[in-house]
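Secondary and tertiary structure notes
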Amino acid sequence: MRPTLARQGDMPGGKVYNLWWGDKGGVRQRGITQYTISSFQTKAAPHWVRSYLFNGYRRLSGELLFFGVPMVLGYSVYAWAKSYDEFQNSKAGHIANGGHHD
């Protein structure tokens, strides 16, 4: 097996003006402007706790009807069905339905 030739690979080889992505060595190209952001604006979350407490509460309270009412309704149906099932499978439930319990 012979090694792959350099001209068949992905990496630029030989005399090229544009280097590989991210390679900072070589000739500086003209007409390319680089912009940076101020170090004062790079703070990830300067006041995230305070802003979450007020803005998060405002947003969640606006959605309360959309997820709170169905959750309460669903849980009440679940609690009723659970108690009804326990009654149906008890001795008193069997007697109340006209059945007999051994």
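Chains are numbered independently. Their residues run from 1 in the order of the written sequence. Note on the predicted model: pLDDT of at least 70 is required for a residue's local features to be given, and 80 or more for side-chain atom pairs to be given and counted; whole-chain, interface and lining totals, by contrast, use all residues. In computing side-chain values, all of the structure's heavy atoms are included and hydrogens and water are not.

1. A few points about the UniProt feature "transmembrane region" (unreviewed entry) in the protein chain
UniProt positions are given in the numbering used here, feature names are shortened, and annotations may be inferred rather than shown by experiment. The positions that UniProt labels "transmembrane region" (unreviewed entry) are, in the present scheme, residues 64-81. Measuring from the first to the last C-alpha atom of residues 64-81 gives 25 Å, for a span that is 100% helix and 0% strand. For helices the rule is a DSSP run of H or I covering at least 4 residues; for strands it is a run of E covering at least 2, with both sets numbered from the N terminus onward.

2. Some remarks on a nonpolar patch on the surface
Like charges within 9 Å and nonpolar side chains (Val, Leu, Ile, Met, Phe, Trp, Tyr) within 5 Å are joined into patches, using only residues over 30% in relative accessible area that form no salt bridge. Accessible surface is estimated by sampling points in the Shrake-Rupley manner with a 1.4 Å probe; for residues, cover comes only from the protein chains shown. Salt bridge, as used here, is a side-chain nitrogen of Lys or Arg placed within 4 Å of a carboxyl oxygen of Asp or Glu. On the surface, Trp48, Val49, Tyr52, Leu53, Phe54 and Leu60 cluster together to form a nonpolar patch covering roughly 720 Å² of accessible area. One can find Phe54 in helix α1 (residues 48-62). When a residue's accessible area, from a 1.4 Å probe over protein chains only, is under 20% of the maximum for its type it is buried; when over 50% it is exposed; and in between it is partly exposed. Residue classification places Phe54 among the exposed residues on the basis of a relative accessible area of 62%.

3. Focus: the packing of α1 against helix α2 (residues 64-88)
Contact geometry of α1 with α2 gives a least axis separation of 5 Å together with a crossing angle of 55°. Between α1 and α2, the crossing angle belongs to the class labelled oblique. The segment α1 lies against α2, with Leu60, Ser61 and Gly62 engaging Leu64, Phe66 and Phe67. Side-chain classes are defined by residue name, with Ala, Val, Leu, Ile, Met, Phe, Trp, Tyr, Cys and Pro counting as nonpolar, Asp, Glu, Lys and Arg as charged, and the others, Gly among them, as polar. Of the residues in the contact of α1 with α2, the class split is four nonpolar, two polar and no charged. Every angle, taken between N-to-C directions, lies between 0 and 180 degrees, and every axis is a line fitted to C-alpha atoms, over only the stretch in contact when it is a helix. Here the word oblique covers every angle except those under 35 degrees (roughly parallel), over 145 (roughly antiparallel) and from 65 to 115 (roughly perpendicular). Between two residues, a contact is recorded if the distance between any of their heavy atoms is within 4.5 Å.

4. Describing the packing of aromatic side chains
Note on ring pairs: Phe, Tyr and Trp rings are taken, using the six-membered ring of Trp, and paired if centres are within 6.5 Å. Classes follow the plane angle, with under 30 degrees stacked, over 60 edge-to-face and the rest tilted. Under the criterion given, the structure shown has two aromatic pairs. Between Tyr75 and Tyr78 the ring centres are 6.0 Å apart and the planes differ by 45°, which places this aromatic pair in the tilted class. With Tyr75 and Tyr78 both in helix α2 and three residues apart, this pair spans about one turn of that helix. Since its relative accessible area comes to 57%, Tyr75 is described here as exposed. With relative accessibility at 48%, the residue Tyr78 sits in the partly exposed group. For the ring pair Trp80 and Tyr84, a centre distance of 5.4 Å and an interplane angle of 15° mean the geometry is stacked. With Trp80 and Tyr84 both in helix α2 and four residues apart, this pair spans about one turn of that helix. Tyr84 gets classed as partly exposed once you look at its relative accessible area, which sits at 42%.

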